[in-house]
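# Chains, contacts and geometry: an overview
Residue strings, one per chain:
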Amino acid sequence: MAFICLDVRCLCIFLLCKAFGYTLSSSMEIKVNPPQDFEIVDPGYLGYLYLQWQPPLAVDNFKECTIEYELKYRNVDSERWKTIVTKNLHYKDGFDLNKGVEAKIHTLLSTHCTNGSEVRSSWSEATYWKSEPGSLETKIQDMDCVYYNWQYLLCSWKPGIGVHFDTNYTLFYWYEGLDNVLQCADYIKENGKNIGCRFPNLESSDYKDFFICVNGSSESNPIRSSYFIFELQNIVKPLPPDYLSLTVKNSFEINLKWSTPKGPIPARCFIYEILFTEADNSWMTHTVENEMHITRTLNESQELCFLVRSKVNIYCSDDGIWSEWSDERCWEGDGQKETWIFFMIPLGLISSFVLLLTCLLLHKQKALLKSIFHMKKEVFSHQETLF
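Reading the values: rules and limits
- Residues numbered from 1 in each chain as written.
- Predicted model: local features only at pLDDT ≥ 70, side-chain atom pairs only at ≥ 80, totals over all residues.
- Heavy atoms only, no water.
- Helix = DSSP H or I, 4+ residues; strand = E, 2+ residues; numbered from the N terminus.
- Buried < 20%, exposed > 50% of the residue type's maximum accessible area, 1.4 Å probe, protein only.
- Contact = heavy atoms within 4.5 Å.
- Areas by Shrake-Rupley, 256 points an atom, 1.4 Å probe, with all protein chains shown as cover.
- Phe/Tyr/Trp six-rings, centres within 6.5 Å; stacked < 30°, edge-to-face > 60°.
- Lys NZ or Arg CZ within 6 Å of the ring centre and 35° of its normal.
- Pairing = 2+ DSSP bridges.
- Axes fitted to C-alpha atoms, helices over the stretch in contact; angles between N-to-C directions.
- Core = buried A, V, L, I, M, F, W, Y, C linked by side-chain atoms within 4.5 Å.
- Salt bridge = Lys/Arg side-chain N within 4 Å of Asp/Glu carboxyl O.
- Patch = residues over 30% accessible without salt bridge, like charges linked within 9 Å, V, L, I, M, F, W, Y side chains within 5 Å.

## Observations regarding the overall build of the protein chain
If you tally the helices and strands in the protein chain, you get 2 helices and 24 strands. Across the 387 residues of the protein chain, 36% fall into the buried class. Considering only residue pairs separated by 6 or more positions, the protein chain has 60% of its internal contacts joining residues 24 or more positions apart. Summing over all exposed atoms, the protein chain offers an accessible surface of approximately 24,100 Å²; the carbon and sulfur share of this is 55%.

Written as structure tokens, this is what we have:
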């Protein structure tokens with residue numbers, strides 16, 4: 001009787017597993033099917049792609065088991081896969097469309113419904129390539145984009161190698177928040193050809209992928225498109241600090257201070273690089289504060305100069321571009337004062353001598369004029385007596 005009950009129990013487990021997509025091997029291994037209809041879809045957002053799929057067969061009715069999906073994806077030449085685990089049936093991310101895209105996904109079953117063991121399906125794979133006409137040499141060269149002071153974006157490029165003189169390029173861009181892909185409205189031109197773009201005020205464009213496509217047209221040959229992805233906070237070039245001040249407590253202890261660069265960048269987002277020059281030595285240091293206390297390294301030197309530049313720090317971006325250097329500010333020691341006095345004393349003596357000599361000459365000239373005046377007066381008086 002016990003054997004009959006055991007057989008009935010095994011039969012029930014077997015039928016249950018078959019009904020919900022599992023197969024029961026001799027070792028009691030549970031298997032699940034991979035997701036269906038896995039594909040990579042390009043909605044036309046210049047590299048922002050959709051990865052989407054459908055649930056695996058025969059698990060829709062297994063309501064007590066949590067179904068998850070492990071997704072891996074990358075550009076074809078990348079060594080590292082990006083991995084996410086999700087319960088959704090889609091995922092979105094940015095890709096470099098200059099290269100192919102590959103992705104793979106499998107089903108995961110939670111351990112509470114698989115007797116404590118993790119169950120994974122086989123992989124389902126998909127690839128995507130953006131077919132582009134034109135040779136690689138016709139693509140633009142040396143694309144450079146800078147987000148000046150976190151306020152306005154400017155991109156520039158050079159024409160492709162050996163392109164026909166009638167070739168011209170057009171820039172399109174998109175980021176999450178825009179309803180459609182937009183074309184550059186303010187091109188930078190050279191000899192009538194587009195070599196860059198000035199972007200308008202970009203609202204809510206920070207901390208998200210910013211997609212750019214530059215394509216071209218020519219009556220002679222097709223032009224290959226170029227695709228780029230930026231995060232604008234990582235290409236910010238701030239203004240340099242100004243209003244540098246230098247306070248000397250004694251000949252050795254010096255306090256430096258400067259103003260935070262003007263603009264919308266918060267003060268907490270800056271890092272500063274300071275370049276010191278003392279005698280024939282120069283060195284650099286960094287700080288996140290807008291002031292610094294230093295001790296002179298060469299006690300016998302009579303001059304210390306410094307410059308400051310700024311960049312967005314790691315707390316507000318992953319990267320950034322250094323600003324231009326500020327104007328130089330210098331401190332001159334007592335030796336400089338002594339040299340100044342050495343030149344000033346003789347100069348003062350010479351000036352005093354010249355002034356004294358000028359006064360004597362003027363006094364003598366005044367006396368001479370007065371004497372001439374009296375002589376003329378006497379002559380006129382004598383003439384009147386004769387008449």
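## Some thoughts on unusual backbone geometry
In this model, Asn149 sits at a positive phi of 55°, which is unusual for a non-glycine residue. Locating Asn149 in the fold gives a position in the loop between β9 (141-148) and β10 (152-158). Here Asn149 falls in the buried class, since its relative accessible area comes to 4%. Despite not being glycine, Ser204 has its phi angle at roughly 55°, a positive value. One can find Ser204 in the loop between β14 (193-198) and β15 (209-217). For Ser204, a relative accessible area of 61% gives the class exposed.

## Focus: the packing of aromatic side chains
Evaluated as defined, the whole model comprises 20 aromatic pairs. Both rings, one in Trp53 and one in Tyr69, keep their centres 5.8 Å apart while their planes meet at 65°; by these two values the pair is edge-to-face. Highlighted residues: Trp53 in strand β2 (residues 48-54) and Tyr69 in strand β3 (residues 67-75), separated in sequence by 16 residues. For the pair formed by Trp53 and Tyr69, the shared burial category is buried. Geometrically, the ring pair formed by Trp174 and Phe211 is tilted, given 6.0 Å between the ring centres and 40° between the ring planes. Of this pair, Trp174 sits in strand β11 (residues 168-175) while Phe211 sits in strand β15, placing them 37 residues apart in sequence. Since its relative accessible area comes to 1%, Phe211 is described here as buried. Following the ring pairs from residue to residue traces out a cluster consisting of Tyr45, Tyr48, Tyr50, Trp174 and Phe211. Here the basic side chain of Lys92 rests over the ring of Tyr50, its NZ or CZ set 4.7 Å away from the ring centre. Just above the ring of Trp81 sits the side chain of Lys104; from NZ or CZ to the centre is 4.7 Å.

## Quick word on the sheet that holds strand β17 (residues 236-237)
A sheet is described by the order of its strands in space; here 5 strands give the open sequence β13-β14-β10-β9-β17, paired in mixed fashion. Bordering the open sheet on either side are β13 (187-190) and β17, each of which pairs with just one other strand.

## Notes on the sheet that holds strand β5 (residues 90-94)
With antiparallel pairing, the 3 strands of this open sheet are ordered in space as β1-β2-β5. Where the open sheet ends on each side, the last strands, each with one partner, are β1 (36-41) and β5. Each adjacent strand pair in this sheet contributes to an overall mean axis angle of 10°, direction not counted. One ladder, built from 4 bridges, connects β1 with β2; its direction is antiparallel. Note that in β2 the partner of Glu39 across the bridge is Gln52.

## Here we look at the nonpolar core
If you look at the biggest cluster of nonpolar residues, it comprises 75 residues, and the most contacted ones within it are Leu153, Leu171, Phe199, Phe210 and Ile212. Setting aside residues up to four positions removed in sequence, Leu171 forms contacts with Met143, Trp157, Leu182, Gln183, Cys184, Tyr187, Cys197, Phe199, Ile212, Cys213 and Val214.

## What to know about the pattern of salt bridges
Should the charged atoms of two oppositely charged side chains come close, the side chains can pair. Here the structure, examined in full by the defined rule, presents 10 salt bridges. The shortest N-O distance in the salt bridge between Arg120 and Glu70 comes to 2.7 Å. Of this pair, Arg120 sits in strand β7 (residues 119-120) while Glu70 is found in strand β3, placing the two residues 50 residues apart along the sequence. With relative accessibility at 41%, the residue Arg120 sits in the partly exposed group. According to the relative accessible area criterion, Glu70 is buried, its value standing at 11%. The residue Arg309 makes a salt bridge to Glu273 at a minimum N-O spacing of 2.6 Å. Highlighted residues: Arg309 in strand β23 (residues 303-312) and Glu273 in strand β20 (residues 270-278), separated in sequence by 36 residues. Given a relative accessible area of 19%, Arg309 falls into the buried group. The class for Glu273 is buried, based on a relative accessible area of 7%. Counted as one network, the salt bridges with shared partners bring together Asp77, Asp96 and Lys99.

## Section: a nonpolar patch on the surface
Where nonpolar side chains cluster on the molecular surface, the patch consists of Ile350, Phe353, Val354, Leu357 and Leu361 and spans about 500 Å² of accessible area. You can see Leu357 is positioned in helix α2 (residues 334-386).

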